[in-house]
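Listed here are the chains, written in short residue letters.
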Amino acid sequence: MAMTQKPKDIDDYISQFSADVQAILQKVRTTISSAAPEAKETISYLMPAFKLHGILVYFAAWEKHIGLYPPISGDKTLEKAVARYSGPKGNLQFPLDEPIPYDLIERIVKLRVKQDTAKATEKRKKKSQNPRKPRASE
């Protein structure tokens, strides 16, 4: 399932696959979108991605699986639930010859929203505690 061209958006990315894979990708997209309604769609590293303050998740179709990135951490129950899908470097691989666990994808995205929001809040807090000092030339 090699990309024939660089996708300009998620619709373009999805359109480059067979109808059965398109249906799965569209449902993954909808699942992510409903779990993170504030997130914006983008293409990053030639893959569909959803971004809030930073990238929440990427997803991609491969020959035998749907990949979901980045690896999950910070919730032991969820880590245990996704363990059977763990691929190289902890990224998730959902086999195309098995039902896609959309409920699990939803839980992953909700965790990533919580983590992303906390990280952005912490960053703002640090910034407000350490205001930029003017340089000598200012």
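Source: prediction; values computed, not measured.

Reading the values: the criteria
Residues numbered from 1 in each chain as written. Predicted model: local features only at pLDDT ≥ 70, side-chain atom pairs only at ≥ 80, totals over all residues. Heavy atoms only, no water. Pairing = 2+ DSSP bridges. Helix = DSSP H or I, 4+ residues; strand = E, 2+ residues; numbered from the N terminus. Axes fitted to C-alpha atoms, helices over the stretch in contact; angles between N-to-C directions. Buried < 20%, exposed > 50% of the residue type's maximum accessible area, 1.4 Å probe, protein only. Contact = heavy atoms within 4.5 Å. Expected span 1.5 Å × (residues − 1).

As for the sheet that holds strand β1 (residues 40-44)
Read from one edge to the other, the open sheet built from five strands follows the order β1-β2-β3-β4-β5, with strand pairing classed as antiparallel. A single partner strand is all that each edge strand has here, and the edge strands are β1 and β5 (92-95). The average undirected angle you get between the axes of adjacent strands in this sheet is 25 degrees. Where strand β2 (residues 47-51) meets strand β3 (residues 55-61), three bridges bridge the pair, whose relative direction is antiparallel.

A closer look at the side chain of Arg 29
Position of Arg 29 relative to the elements: it lies in helix α2 (residues 19-35). Take Arg 29: its relative accessible area is 11%, and that puts it in the buried class. Look past the residues within four positions of Arg 29 in its chain and what remains in contact with it is Ile 10, Asp 11, Ile 14, Glu 41, Phe 50 and Phe 59.

Considerations on helix α4 (residues 102-129)
In a regular helix each residue adds 1.5 Å, so 28 residues correspond to 40 Å; α4 covers 41 Å between its end C-alpha atoms and thus fits that length. Of all the positions in α4, only Tyr 102, Leu 104, Ile 105, Ile 108, Val 109, Leu 111, Arg 112, Val 113, Asp 116 and Ala 120 are classed as buried. Buried residues along α4 sit in contact with α2, β3, β4 (65-69), α3 (76-82) and β5.

Focus on unusual backbone geometry
Residues Tyr 69 and Pro 70 are joined by a peptide bond in cis, for which omega reads -5 degrees. Looking at the secondary structure, you find Pro 70 in the loop between β4 and α3. One non-glycine residue, Leu 46, adopts positive backbone phi at about 65 degrees. Structurally, the position occupied by Leu 46 is in the loop between β1 and β2. According to the relative accessible area criterion, Leu 46 is partly exposed, its value standing at 44%.

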